[in-house]
Every structure is written in structure tokens, then in C-alpha cells.
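Below are the chains, spelled out letter by letter.
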Amino acid sequence: MNENCFGPTKFNAVRIPEIAQQWGTPLYLHDQQYIENSCDQLLNMPNPFGLHVRYAMKANSDRTVLRVVTGKGLDLDCSSLAEAARANSAGIPYTRMMLTTQEVPTGEERQELETMIRAGLKYNVCSLTQFRLIADFAKESGIELSIRVHPGAAGGGESQTRDTGSEYSCFGVHLNDVPAVKELADEMGIRLTQVHVHIGSGGDPEKWRENIDRELGFVRDLFPDAVRVSFGGGLKVARMSGEKQADIAALGAYAARRIAEFKEATGRELKMEIEPGTFVVANSGHIITRIIDKKLTNEMNFLIVDGGMELLTRPLLYGSEHPVTIIRQDGTLLSSEYDQIPATGTKPYGIVGRCCESGDSVRLDGDGNIVPVLIAEPEIGDYVVIGGTGAYSESMSPENYNSHRKPAAIMKMRTGEFVLIRKKQTLQQIIENEVDVVL
Ligand SMILES: Cc1ncc(COP(=O)(O)O)c(C=O)c1O
């Protein structure tokens, strides 16, 4: 292996200065091959009666990413009408999408929803209100619905902010409301043919297993028409070297065994569905930043880089850790946290962005204090590359804070070529919707 390579994509550090000079920094970088390999792993999950994989496009909604993923055969999970419309504008038909949303579309949005459903979008009912509102239309159009069940069980997320199954989360039709949905469905002859539960992101795989058992219990006892069962997303990815990635094959084997036992006990064959976002794209992504300044206080050595929380909010939002790589201006790899090199001789640096916000750092503790990262000593002008940023970075950042422009994004294609997949935002694009009011 080339010693100048780093991270899960084994990226050659020599390319970083070249790329930075061509497209500027900060910059989002993705890897097609990595995304495709993740898709293959998911598609190969064991299953007894068929597997349907949907990519949760909220993780990264860029059209090139969507095309790579759907090109591999994954369909989409959309969390808003806007996401569905955006995917459709990338050429993906509504027949390949399911909508799982907190929205309650009325007026024009309701018309939009009906148009999408007529075009093949699957609707995953997430509340009693949503069901009451869609029931007439579902009956008239003869469509089958999916139902997202709120299991009332905590612990499915890596943190409370990513736990969607606890009593302090409000996603899906709570078990208390399921009887009312069923009663109305029976009265109107609407078939609930899919049951869906998503317990959160990045939680303990054991919780994923527990959810399989619990959900199959709901399907058996409450949903006689269900022919599909979706276990949601949430598969844990190891961004840092000490983290443990979910074992996809083992989780699939567990689900397959339970679904096969379900068939033995009930005579019902269930197709399995999953909808990961993180697992597909997280480790395909890097953010390339350049060191623009160094400062020292009585407590900390700081590196100021040209991109921070406006590109990646996860450290501030969740206390998430992302591996830091330091690369010299000549392309020499100085240190890589992911690969744990060098083993000794590193120094602690607080790595911060340019925003006027004390939490604008790549590493923070639960109280919002900046945590120093152990790296090799760099110079101004060297590169700080932040790993594990393919998911919930571009799609989830407080972009335009301090009027910074959303950076460009590039992808390393399967061929090894680098292509621009999104241009850097212009100042005009930031201000174009502002209205000049006469004062
Ligand atoms: C309904 C639903 N499905 C799937 C996902 C994807 O989760 P992850 O990116 O952890 O796989 C999410 C994430 O929030 C979600 O809300």
C-alpha cells in the first residue's frame, strides 16, 4: 500500500494540493467507487424473500450522488416533498421513491403530493392526521399505503438527538394511535401493505436486532395485509479508527432468520426493506480545507482553517468525531487520525473555522468546549482534510452563515478522474431573493 494514502478510500495525499489548486478550498470531495461498494454490500444482505434497499437521500441529496446510487439499483427514501421533487428533477421516477415525512401537505402541496402518488410515489403514513387526510384519495385511487410505526422504545440512536424511537421523539404513528388508523383503514377498505420502523441513526446494532423482533411482532399482531417490512436505516459507520462499524452481513443474517421463522409461524412471506443513508455515503466523503492562520492562547494552540461549521455541523450538533488528516503543500501526508499515523510525535491543536462562533470547530465535547486534535505540526498553507463527511454535511449545514458561500463539490469517478459535481455558490445567489425595501 502507498504510505502516502489515507482514510477508508485510501486517498492519495499527493492529489490534495492539485485538487485544491484546481477547484479552490474549502471543497467537498466524494468517491464513486466507495459509494458503489457500499451499495453492493447492502444489496448482498442476506434475506429469505427478497430485499429492497432505499437510500435515505437526506444524507446527501446531490444529483450525481443520487444517480450513482440509483444506478446501482437502490431506490430512494425521501423525507419531504421537496426532496422527492429534487430527485425527480435529477431524472429519477417517482415509482422509485417512498415519502416518509413530518409534513402535512395542504393546498398546492397537497396537489403536488397527489400528482407524485399518481406517478408512483409510495406514501408512508407517519401520523393519524396524515392518514385521515390521505384516506379518501387512497380509496379513490386504489393505492396501498405503508405505515411508519413509532415503537415507543428508546436507544436506537447514537445520541438522544438521533434517537427516533423514544417517547421523546415524535416520528411515525405511535402504537397508541395504530388502532384508530386500522379502524379507519378497515372501514374504508384501504390496505396497509408495508410496516416501517426507523429507530434512529448510528445506534448499537443490538438495538437494530431488537427492533427486528419487535417490528415483526407488530406485523404479526396488527397488520394482516403487510407483505413488506422496512427496518429503516441507522446502520452504524466507523468514521474514527476506534469505532465499530455495523456488520451488515450479520445483521442481514439475523433479519433473514427472523423473517424465515415468521413465515414458519404465520405462513406469511415478507419482503425486507432497509433505508440507510449514512452507510451508503458517509465514508465516501472528505472536506478539504486550508490552514489560513495559527493562534495561541494560554490554554490552546489553534489552527484556523477556511471551512468549519458552515460545511459540517455534526460536531456542534451531535458532538460527532471526524478524522483529521494533515497534508503538506507538496502533498506529503503528515498525519492521519483514521490510519493512526504517525504513532508518536503529534501535538494537540484546536482546529477551528472562520465563523464568528465559539463552537465552530471540528472537535467539541458534549458541553461545547473545543477538544484539541492530535496531529503533526503543520504550517499555514497546509491542508486539513476532514473525513467521514459524505453524509449529513452538504445536505445539513448552516451554509451562508457569515455569508460564506456554499463550496464546490467534486467526485472521484470510478475511472480515477475528478469531476466537478456542484459549482461554488455565488454571492449573487445568496442575495438574489432579498428585496430592496424603500426605507
Ligand atoms: C426515516 C429515516 N430513514 C432512514 C434514515 C437514514 O438514517 P441513517 O443515515 O442513519 O442510515 C433516516 C435518518 O434520519 C430517517 O429519518
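Above this text you will find the structure in question.
A. Quick look at unusual backbone geometry. Note that the residue after threonine 25, namely proline 26, is joined by a cis bond; omega there is -5°. Positive phi is not limited to glycine here, since lysine 10 has a value of about 50°. Within the fold, lysine 10 resides in the loop between strand E1 (5–6) and strand E2 (11–12). One non-glycine residue, tyrosine 392, adopts positive backbone phi at about 55°. Relative to the elements of secondary structure, tyrosine 392 occurs in the loop between strand E19 (383–387) and strand E20 (408–412).

B. Region of interest: helix H2 (residues 32–43). The end-to-end C-alpha distance of H2 is 16 Å, a good match for the 16 Å that twelve residues give at a rise of 1.5 Å each. Regarding H2, the residues found buried are Gln32, Tyr34, Ile35, Ser38, Cys39 and Leu42.

C. Just the site of the ligand, in detail. Within the structure, the ligand sits among 18 residues, and Ala56, Ser201, Gly233, Gly277 and Thr278 are positioned closest to it. Classifying every residue of the shell around the ligand gives six nonpolar, nine polar and three charged.

D. Representation of helix H7 (residues 178–188) in the model. Residues of H7 that are buried: Val178, Val181 and Ala185. The arc enclosing the buried residues of H7, seen along the axis, measures out at 65°, which places them on a common side. Of the exposed residues in H7, those oriented more than 90 degrees away from the buried face are Pro179, Glu183, Asp186 and Glu187. Looking at the buried residues of H7, the elements they touch are helix H6 (128–141), strand E8 (145–150), strand E9 (173–174), strand E10 (192–196) and helix H8 (205–222). Within two residues after H7, glycine 189 carries a phi angle of roughly 70°, on the positive side.

E. Quick look at the packing of H2 against helix H3 (residues 63–71). For the pair H2 and H3, interaxial distance at closest approach is 9 Å and the crossing angle is 40°. As the angle between them shows, H2 and H3 are arranged oblique. At the point where H2 passes H3, the crossing takes the right-handed sense. The segment H2 lies against H3, with Gln32, Ile35, Glu36 and Cys39 engaging Val65, Val68 and Val69. A class-by-class count of the residues in the contact of H2 with H3 yields five nonpolar, one polar and one charged.

F. Representation of the environment of asparagine 60 within the structure. Mapped onto the secondary structure, asparagine 60 falls in the loop between strand E4 (51–56) and H3. The spatial distance from the C-alpha of asparagine 60 to the C-alpha of asparagine 124 is 21 Å, given a sequence separation of 64 residues. The contact partners of asparagine 60, leaving out residues within four places of it in the chain, are Val65, Val281, Gly390, Ala391, Glu394 and Ser395.

Reading guide: rules and limits
- Residues numbered from 1 in each chain as written.
- Predicted model: local features only at pLDDT ≥ 70, side-chain atom pairs only at ≥ 80, totals over all residues.
- Helix = DSSP H or I, 4+ residues; strand = E, 2+ residues; numbered from the N terminus.
- Expected span 1.5 Å × (residues − 1).
- Buried ≥ 20, exposed ≤ 12 C-beta atoms within 10 Å, placed from the backbone.
- Near = placed C-beta within 6 Å.
- Nonpolar A, V, L, I, M, F, W, Y, C, P; charged D, E, K, R; others polar.
- Arc of directions from axis to C-beta.
- Contact = placed C-beta atoms within 7 Å.
- Axes fitted to C-alpha atoms, helices over the stretch in contact; angles between N-to-C directions.
- Parallel < 35°, antiparallel > 145°, perpendicular 65-115°, else oblique.
- Left-handed = near helix turned anticlockwise from the far one by under 90°.

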